2 protein chains.
Amino acid sequence: MKSDMNSRVSKPKAPLELADAHAKGLHSIGEAAKLTGLTAKMIRHYESLGLVTPTDRTFANYRVYQTRDIHLLRFIKSARDLGFSMKQIAILASLWQDSARSSAEVKKLALEHIQEMDERIHSLQQMRKALSDLAGRCHGDERPDCPILDAIACNSCHNTD
Amino acid sequence: MKSDMNSRVSKPKAPLELADAHAKGLHSIGEAAKLTGLTAKMIRHYESLGLVTPTDRTFANYRVYQTRDIHLLRFIKSARDLGFSMKQIAILASLWQDSARSSAEVKKLALEHIQEMDERIHSLQQMRKALSDLAGRCHGDERPDCPILDAIACNSCHNTD
DNA sequence: CTTGACCTTACCACCATGGTAAACCTTAAC
DNA sequence: GTTAAGGTTTACCATGGTGGTAAGGTCAAG
């Protein structure tokens, strides 16, 4: 079943055996995962989002990643580590691959993301401060009296009806 | 169909008409929503989590909320506003309703939540700083050169294979 | 009796990630 | 050559908190 298909060696565009792919410096999804710090699961997920589609598969339908794909996966990983959403990353990746981009476009995206993070930080800090003020007033002992519960229960004691 | 069921007036435990419920100071889910600042949707969701289950329904199967329920819904709302997860809120609510609680239990939960928020704040601040450093070095003009993309693409330029 | 506002349940969606299962493939050891 | 281990495939379900929608029942006012 394999031996009569050995024309694969002379036709690079046709599906490959895994060993051939290795010999050509191509990577399976597991190797891609190790090389990028992503999980195979997430690599498939990014493919389903249309971000990274390996151009080839082996005869056994295994994904085959090229060096270019590995670079793109690393790009995605780094952008995720900076907190960008997948939608933002899709745009960033297309800008990255567009040699005619303007750095202004990229910077705009970055500044928007910074502002989103600022808002989340601010909101967290507000909650943190409110709760930590309450915790500071709570004895934290065996008694049931608790300013934390009091405040949550009654944060603006209206009538109920 | 309704008139032969008027025994409902003399049996408070039986399902009510909506008008009867109103007359008793009870509330529909829409009113509960207005009184608490939650949406009807979320009130049903909290019920599905086992947090707030109205003890009665009308003949027409409408949820009927008592003053006690409204208080509990407000408690949930306030705790959400402090960033507590639903799991934490379930515990907080049971502590709130347990007169034999110790304030130490509540404080412990609060301190844990504060620490979670600290971690999220720290992580966001790290990402924010990294990105804002990069943005500061980006011209943001018509040229394609962009330190932001460079850094994302090459954040630790290893060989790919 | 109609109309509009409300209520009911039961779905699907988000976002990024993890998990599982069943089937298949590859490789190495025996 | 068979087998066992481990990698890969697809296809599902789950998280958490919220939003939406659809199809149907109910209530109140005109």
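Above this note sits the structure.
This is a predicted model, so every value here is computed, not measured.

Conventions adopted
Residues numbered from 1 in each chain as written. Chains lettered and ligands numbered in written order. Predicted model: local features only at pLDDT ≥ 70, side-chain atom pairs only at ≥ 80, totals over all residues. Heavy atoms only, no water. Helix = DSSP H or I, 4+ residues; strand = E, 2+ residues; numbered from the N terminus. Buried < 20%, exposed > 50% of the residue type's maximum accessible area, 1.4 Å probe, protein only. Areas by Shrake-Rupley, 256 points an atom, 1.4 Å probe, with all protein chains shown as cover. Contact = heavy atoms within 4.5 Å. Buried area = accessible area lost by both parts, 1.4 Å probe. Salt bridge = Lys/Arg side-chain N within 4 Å of Asp/Glu carboxyl O. Polar contact = N/O pair within 3.5 Å; in protein donor to acceptor, adjacent residues only side chain to side chain. Near = heavy atom within 4 Å. Nonpolar A, V, L, I, M, F, W, Y, C, P; charged D, E, K, R; others polar. Least-squares fit on C-alpha atoms with pLDDT ≥ 70 in both. Phe/Tyr/Trp six-rings, centres within 6.5 Å; stacked < 30°, edge-to-face > 60°. Axes fitted to C-alpha atoms, helices over the stretch in contact; angles between N-to-C directions. Parallel < 35°, antiparallel > 145°, perpendicular 65-115°, else oblique. Left-handed = near helix turned anticlockwise from the far one by under 90°.

S.K.: What is the right way to read the overall build of chain A from this model?
M.R.: Looking only at helices and strands, chain A features 7 helices and 2 strands. Ordering the α and β elements of chain A from the N terminus gives α-α-α-β-β-α-α-α-α. Expressed as a percentage of the 161 residues in chain A, the buried residues total 37%. For chain A, the accessible area works out to roughly 9,100 Å², and carbon and sulfur atoms hold 53% of it.

S.K.: Just checking my understanding: could you explain the interface of chain A and chain B for this structure?
M.R.: A common way to state how big an interface is: give the accessible area lost once the parts meet. Each partner contributes to the interface: chain A provides 59 residues, whereas chain B provides 59 residues. Approximately 5,000 Å² of surface area, both sides summed, lies buried where chain A meets chain B, with 68% of it carried by carbon and sulfur atoms. Counting across the chain A and chain B interface gives 2 salt bridges. Notably, a salt bridge pairs Asp 118 of chain A with Arg 128 of chain B, separated by 2.6 Å at the nearest N-O pair. Our count for the chain A to chain B interface comes out at 18 residue pairs in polar contact (both at pLDDT 80 or more). Every element with two or more residues in the side of chain A that touches chain B is listed here: helix H4 (67–81), helix H5 (86–96), helix H6 (103–136) and helix H7 (147–153) of chain A.

S.K.: Sorry, what's going on with the protein's contact with DNA strand C here?
M.R.: Lining the immediate surroundings of DNA strand C are 21 residues, of which Lys 41, Tyr 46 and Met 86 of chain A together with Gly 30 and Arg 63 of chain B lie closest. Backbone atoms, meaning sugar plus phosphate, form 75% of the atoms of DNA strand C positioned within 4 Å of the protein. At a separation of 3.0 Å, a sugar or linking oxygen of DNA strand C approaches a polar side-chain atom of Arg 80 of chain A. Take the surface near DNA strand C: its biggest share by element is 4 residues, from helix H3 (residues 40–48) of chain A. Across the surface near DNA strand C, the residue classes tally to 8 nonpolar, 6 polar and 7 charged.

S.K.: Looking at this structure, how should I read the pattern of salt bridges?
M.R.: Two side chains carrying opposite charge are able to pair once their charged atoms lie near each other. Within this structure, the stated rule accounts for 14 salt bridges over all chains. Notably, a salt bridge pairs Lys 108 of chain B with Glu 112 of chain B, separated by 3.0 Å at the nearest N-O pair. A residue pair is termed a helical-turn pair when its members lie 3 or 4 positions apart in one helix, as Lys 108 of chain B and Glu 112 of chain B do in helix H6 (residues 103–136) at 4 residues. Its relative accessible area of 55% is what places Lys 108 of chain B among the exposed residues. Among the charged side chains, a network of salt bridges with common partners joins Glu 47, Arg 57 and Arg 63 of chain A.

S.K.: Just to check I follow, could you spell out the protein's contact with DNA strand D for this structure?
M.R.: Near DNA strand D there are 23 residues, and of these Ser 28, Tyr 62 and Arg 63 of chain A together with Lys 41 and Met 86 of chain B occur at the shortest range. Considering DNA strand D, the proportion of its atoms within 4 Å of the protein that are sugar or phosphate atoms stands at 69%. Ser 28 of chain A places a polar side-chain atom, nitrogen or oxygen, 2.6 Å from a phosphate oxygen of DNA strand D. Arg 57 of chain A places a polar side-chain atom, nitrogen or oxygen, 3.4 Å from a phosphate oxygen of DNA strand D. With 4 residues, helix H3 (residues 40–48) of chain B is the single largest residue contributor to the surface near DNA strand D.

S.K.: Is there a simple way to explain the relation of the copies chain A and chain B in this structure?
M.R.: What relates the pair of chain copies is a rotation about an axis plus a shift along that axis. Mapping chain A onto chain B calls for a rotation angle of 180° and an axial translation of 0.0 Å; the resulting RMSD is 0.1 Å. Here the two chains are linked by the operation of a two-fold rotation axis. Taking C-alpha positions as the reference, the residue of chain A nearest the rotation axis is Ile 121 of chain A, at 2.9 Å. Looking at chain A, 100% of its interface residues are interface residues in chain B too, so the copies touch through the same face.

S.K.: Explanation requested: the packing of aromatic side chains in the structure shown.
M.R.: Residue and element names in this part refer to chain A. For the coordinates displayed, the defined rule picks out 2 aromatic pairs over all chains. Here the aromatic rings of Phe 75 and Trp 96 are separated by 4.4 Å at their centres, their planes lie at 10°, and the arrangement is stacked. Here Phe 75 is found in helix H4, whereas its partner Trp 96 is found in helix H5, with 21 residues between them in sequence. Note on Phe 75: relative accessible area 0%, which makes it buried.

S.K.: Can you help me understand the packing of H4 of chain A against H5 of chain A in this one?
M.R.: Two quantities define a packed helix pair, namely the angle between the helix axes and the distance between the axes. All names here are of chain A. It is at 10 Å that the axes of H4 and H5 come closest, and there the two elements cross at 135°. One way to sum up the angle between H4 and H5 is to call them oblique. Where H4 crosses over H5, the handedness of that crossing is right-handed. Residue-level contacts link His 71, Leu 72, Phe 75, Ile 76, Ala 79 and Arg 80 of H4 to Met 86, Ile 89, Leu 92, Ala 93 and Trp 96 of H5. Within the contact of H4 with H5, the residues separate by chemical class into 9 nonpolar, 1 polar and 1 charged.

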